[in-house]
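# Structure assessment
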Amino acid sequence: MKHVLAVLVEDKPGVLTRVAGLFSRRGFNIDNIAVGETVSPGISRMTITVEGSETIVEQVVKQLHKLVNVIKVSNLSEEPSVMRELMLIKVSAEVGSRSDIQQIVETFRGKVVDVSPDTMIIEVTGNEEKMEAIKMLLQHFGLKEIVRTGKVALLRGSKITREG
Amino acid sequence: MIISAMQKEGVEIIFGYPGGAVLPLYDSLYDSELKHLLVRHEQAAVHAADGYARVTGKPGVVFATSGPGATNLVTGIANAYMDSVPLVLVTGQVPSGFIGTDAFQEADITGITLPVTKHNYLVKNAKQLPEILSEAFYLASTGRRGPVLLDVPKDVFDQEAPFEYNVECEIPGYNPTYDGHVGQISRAVKAIRDAKRPVIFGGGGLIRSGASTALQDLADKAQIPIILSLMGLGAYPGDRELFLGMPGMHGSITANYALSEADLIIATGVRFDDRVTGKLDSFARNAKIVHIDIDPAEIGKNVKIDVPIVGDVKIVLEAILKKLQPGDTAGWLKQIDNWQKQNPMPGGLKKTGSALKPQFVIKELSRLSDDHTIVATDVGQHQMWTAQHFIVRRPQAFLTSGGLGTMGYGFPASIGAKLAAPEKRVICITGDGSFQMNSQELATAVYNRLDIIIAIINNSYLGMVRQWQDIFYDKRYSHTLLEGNPDFVKLAEAYGATGMRAKDEHEATAVIEQAMQQKGPVVIDFVVEPEENVYPMVAPNRAINDIIIGGDRS
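Every chain is numbered independently, its residues counted from 1 as its sequence is written. The naming scheme follows written order: chains are lettered A onward, ligands numbered 1 onward. For this predicted model, a pLDDT threshold of at least 70 governs which residues receive local features, and a threshold of 80 or more governs which side-chain atom pairs are given and counted, while totals over whole chains, interfaces and linings are taken from all residues. Only heavy atoms go into the side-chain values, all of them from the structure, while hydrogens and water stay out.

### A closer look at the overall build of chain A
Under the convention used in this document: Secondary structure elements follow DSSP: runs of H or I no shorter than four residues count as helices, runs of E no shorter than two count as strands, and numbering proceeds from the N terminus. Relative accessibility decides the category of a residue: with a 1.4 Å probe and only protein chains considered, values under 20% of the type maximum give buried, values over 50% give exposed, and everything between is partly exposed. Residue contacts are counted whenever heavy atoms from the two residues lie within 4.5 Å of one another.
Within chain A, the secondary structure is distributed over four helices and nine strands. The order of α-helices and β-strands along chain A, N terminus first, is β-α-β-β-α-β-β-α-β-β-α-β-β. Seen along its three principal axes, the alpha-carbon backbone of chain A occupies a region of about 55 × 35 × 30 Å. Within chain A, the fraction of its 164 residues that count as buried is 44%. Contacts spanning at least 24 positions in sequence make up 74% of the contacts within chain A whose residues lie at least 6 apart.

### Thoughts on a nonpolar patch on the surface
Put simply, the rule is: Here the term patch refers to residues with relative accessible area over 30% and no salt bridge, with like charges joined within 9 Å and nonpolar side chains (Val, Leu, Ile, Met, Phe, Trp, Tyr) within 5 Å. For accessible areas, the Shrake-Rupley method is used with a probe of radius 1.4 Å. Any residue's cover is judged against the shown protein chains and nothing else. By definition here, a salt bridge exists when the distance from a side-chain nitrogen of Lys or Arg to a carboxyl oxygen of Asp or Glu is within 4 Å.
There is a patch of nonpolar side chains on the surface, built from L88(A), V113(A) and V147(A) and spanning about 220 Å² of accessible area. Structurally, V113(A) can be placed in strand β6 (residues 111-115).

### Some details on the sheet that holds strand β3 (residues 43-51) of chain A
Residues and elements named next belong to chain A. Just so we agree on the cut-off: A pair of strands counts as paired when DSSP detects no fewer than two bridges linking them. The angle between two axes is taken between their N-to-C directions and runs from 0 to 180 degrees, where each axis is a line fitted to C-alpha atoms and a helix contributes only its stretch in contact.
Ordered in space as β2-β3-β1-β4, the four strands form an open sheet in which the pairing is antiparallel. Edge positions in the sheet fall to β2 (29-37) and β4 (70-75), since each of these pairs with one other strand and no more. Strand-to-strand twist across the sheet, computed as the mean angle between neighbouring axes with direction ignored, equals 20 degrees. Pairing of strand β1 (residues 2-10) with β3, which is carried by nine bridges, proceeds in the antiparallel orientation. Residue H3 lies in a different strand from β3, and its bridge partner there is V50. Helix α1 (residues 15-25) rests against β1, β2, β3 and β4 of the sheet, and its axis sits at about 15 degrees to β3.

### Here we look at the packing of aromatic side chains
The geometry of an aromatic ring pair comes down to the distance between the two centres and the angle between the two planes. Residues and elements named next belong to chain B. Operational definition: We call Phe, Tyr and Trp rings a pair once their centres come within 6.5 Å, taking the six-membered ring for Trp, and we label the pair stacked below 30 degrees between planes, edge-to-face above 60, and tilted otherwise.
One pass over the structure, following the stated rule, counts 13 aromatic pairs over all chains. Consider the rings of Y138 and Y174, whose centres lie 5.7 Å apart with planes at 85 degrees: the pair is edge-to-face. One end of the pair, Y138, is in helix α7 (residues 129-141); the other, Y174, is in the loop between α8 (154-158) and α9 (182-194), with 36 residues separating them in the sequence. An angle of 20 degrees between the planes, with centres 5.7 Å apart, marks the rings of F163 and Y165 as stacked. When its relative accessible area of 29% is taken as the criterion, F163 is described as partly exposed. Among the aromatic side chains, those forming a connected cluster through ring pairs are F201, F272 and F283.

### With respect to unusual backbone geometry
Residues and elements named next belong to chain B. For the peptide bond that leads from Y535 to P536, omega is -5 degrees, which places it in the cis range. The phi torsion at D102 lies on the positive side, around 55 degrees, for a residue other than glycine. Given the relative accessible area of 73%, D102 is considered exposed. Look at K475: it is not a glycine, yet its phi comes out positive at around 55 degrees. Considering the arrangement of structural elements, one finds K475 in the loop between α21 (463-472) and α22 (488-495).

### Brief notes about the pattern of salt bridges
Summed over all chains, the structure comprises 33 salt bridges over all chains. Of the charged contacts in the structure, one is a salt bridge between E132(A) and K135(A), with a shortest N-O distance of 3.5 Å. Of this pair, E132(A) and K135(A) both sit in helix α4 (residues 128-138), three residues apart, which is roughly one turn of the helix. Between D239(B) and R393(B) there is a salt bridge, and its shortest N-O distance comes to 2.8 Å. Of this pair, D239(B) sits in the loop between β8 (226-228) and β9 (243-245) while R393(B) sits in the loop between α17 (381-389) and β14 (398-399), and the two are 154 residues apart along the sequence. The partly exposed category is assigned to R393(B), whose relative accessible area is 25%. When salt bridges that share partners are traced, they join K66(A), R144(B), D295(B), E298(B) and K301(B) into one network.

### Notes on the interface of chain B and chain A
Selection rule: Here a polar contact means two N or O atoms within 3.5 Å. Within protein one must be a hydrogen donor candidate and the other an acceptor candidate, and residues neighboring in sequence count only if both atoms are side-chain atoms.
Contacts between the two partners involve 17 residues from chain B, matched on the other side by 16 residues from chain A. One can count five residue pairs in polar contact (both at pLDDT 80 or more) joining chain B with chain A.

### Topic: the domain arrangement of chain B
Residue and element names in this part refer to chain B. Basically, it comes down to this: For the purposes of this description, domain bounds are those given by an automatic or database domain assignment. The term buried area means the drop in 1.4 Å probe accessible area that two parts suffer when joined, counted for both and summed.
Entries for chain B in the domain assignment read domain 1 (2-158), domain 2 (182-342) and domain 3 (358-527). One C-alpha centre belongs to domain 2, the other to domain 3, and the line joining them spans 30 Å. The partner domain 3 presents 17 residues to the 16 residues of domain 2 that form the contact. Note on domain 2 versus domain 3: buried area summed over both sides is about 1300 Å², and carbon and sulfur give 67% of it. Area buried by domain 2 at its contact with domain 3 is led by L230, L233 and H250, which between them contribute 40% of it. Applying the counting rule to domain 2 against domain 3 returns one salt bridge. The interface formed by domain 2 and domain 3 contains three residue pairs in polar contact (both at pLDDT 80 or more).

### Digging into the environment of N125(B)
Residues and elements named next belong to chain B. Looking at where N125 falls in the secondary structure, it is placed in the loop between β5 (119-122) and α7. Under the relative-accessibility criterion, N125 is labelled partly exposed at 28%. In sequence terms N125 and G146 are 21 residues apart; their C-alpha atoms lie 25 Å from each other.

### What about the packing of helix α3 (residues 42-56) of chain B against helix α18 (residues 410-420) of chain B?
Residues and elements named next belong to chain B. What counts here: To sort the angles, those under 35 degrees are grouped as roughly parallel, those over 145 as roughly antiparallel, those from 65 to 115 as roughly perpendicular, and the leftovers as oblique. Crossing handedness follows the turn of the near helix against the far one: under a right angle anticlockwise gives a left-handed crossing, and clockwise gives a right-handed one. Residue type decides the class: Asp, Glu, Lys and Arg count as charged, Ala, Val, Leu, Ile, Met, Phe, Trp, Tyr, Cys and Pro as nonpolar, and the leftover types, Gly among them, as polar.
Between α3 and α18, the shortest axis-to-axis distance is 6 Å and the interhelical angle comes to 45 degrees. Considered as vectors, α3 and α18 are oriented oblique to each other. The two elements α3 and α18 cross, and the hand of that crossing is right-handed. Of the residues in α18, those in contact with A44, H47, A48, G51, Y52, V55 and T56 of α3 are P412, A413, G416, A417 and A420. Broken down by class, the residue content of the contact of α3 with α18 amounts to eight nonpolar, four polar and no charged.

### Section: a negative patch on the surface
All names here are of chain B. Test applied: The positive count covers Lys and Arg only, the negative count covers Asp and Glu only, and His and the chain ends enter neither. Positions of charges follow a simple convention, taking NZ of Lys, CZ of Arg, CG of Asp or CD of Glu.
Together, D27, D31, D158 and E160 make up a negatively charged patch on the protein surface. In this structure, D158 sits in helix α8. Look at D158 and you get exposed, because its relative accessible area is 53%.

Here it is in structure tokens:
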């Protein structure tokens, strides 16, 4: 099962290495990771998607807690939350296939952000299922390149993940 | 500034080795009252600081230079990390402007030690030093203890900065839990009351938290037998009836049977290492497990736990004692007594010719030592024989490399131990292989006139590896015969130490008695039966009650 962890860390040199190193040396798998600022200065938030059983994820959480620069770890998969990812797809787009592509993009509420004589770049945001679905549909036009941000997530409602 | 911080932290001695990048640091040391022990290899500095820390409970402090000085520390740091020993290490680094240019004697030591330190720092500015130093001491010596490293570029040593030092400090991401959860403590109390076949299984955490008195009270009041891991030896006196010995691969038969048959295991400051549990899914199948540990990540890591208690072992045991209701363990103790009688520790005492048995040497060393003796071991067969046959009666008196299994640990650790407790007798029990991994420290021990007995259990083999080749590889002794060993008596004498040799039991007893009267380091070369194996033995990944008895039990 996939778990999405929100990890609040002190914004200090090497903190990403510490987190990434922990995953590799303990044999945990990172699916994806996204890092950015928070409302509190000096604190960054990592959103880490981990694949593994309950027991493994419990170990991951405990081991992350042991890192001195890690302030808070919460498992967002255990509670209702909003999860999003952004993906850019460069797809082959011959003149004849452009309107077909356009239609698919609209259905997924994506955007065409660049067009060249034989390619288009499409931007989509959403959850993992949506990403996989549009990828599959665009596949037969010829996927040239894909880049994804990794998941970011927030708890629904007024609850927040904070450092206290 | 670093020296002043050391004084504020109550540091008495620094273990180290100078070099280019720490010239400014050593220059300030020159005028200070701090003692410094000059070793002959940086690895020995860490092991000595580690031995000092295990004996005193205070962080051991190490200085070393950049590049090779720093990388030579790595084994010692990993060793301390695995055994949760508090250390503060200061390494010099090339000047700030040269970092990242592959400068002379540059190594990314914070990167290298990331997985084997509790935390580490690259200090970029002298202004940060007071805060970082105080954090380093705080982190090393609280919670689950461990090594903390500061890498300081040469120019930072020379920078001027205001020195305001607070020993107390707060780190937002670091709040160890000391008091156990009240509800879980009640569950543990109830489990003890209801248990018919309980055992206490204790480890290094007992020693680090100073919990031996609480442990002894619990065992004695509730009449619960005690099993101690290699790291826990000494937490309960080794000659008392309730003590069943060490469990696991070379543990006592009774300890392994008791763990397998118990209905309750009270695990205190242990981490269920594979050398203890054997095959995990057959470990303690009949038992409810209470696990008390300061590190939440250890609870449930290897073994499923029924009553998890995160907290300081001493505080939690004291809380349990307050509410303790002893159960009825009489029948269980009788059963254990039977196991004890039927399965004494194989002594290997029956002589084959005049060859000296290693177990005899250990037993004699133990018999002739007083209660306060500190024994340090290296790694291998002699380590297991010491764990089996040397009676350790006090905590912080048995120093061994448990987790990492570092050959070369014992001798420098015994140097650290002697400096920590000059009034106590210190014996290093080592092997001919292990001793040669740090024998250069004879110079350090002789120069500092340290009364240490170095007992080499010399079988001219890399004994433990040879034993595995004997049992699992059809006696194909690939590269385990240590041909070319030096004459250890002459080696000792070359350094100015005393050297002695014993080849039979009579000589062994005589030289031990003689060595105990001697001043300065004494190296004793015990020439023992070369192909003696350590028994009992549980093969790796087998159930711990599936024991190869072996040996001679007469």
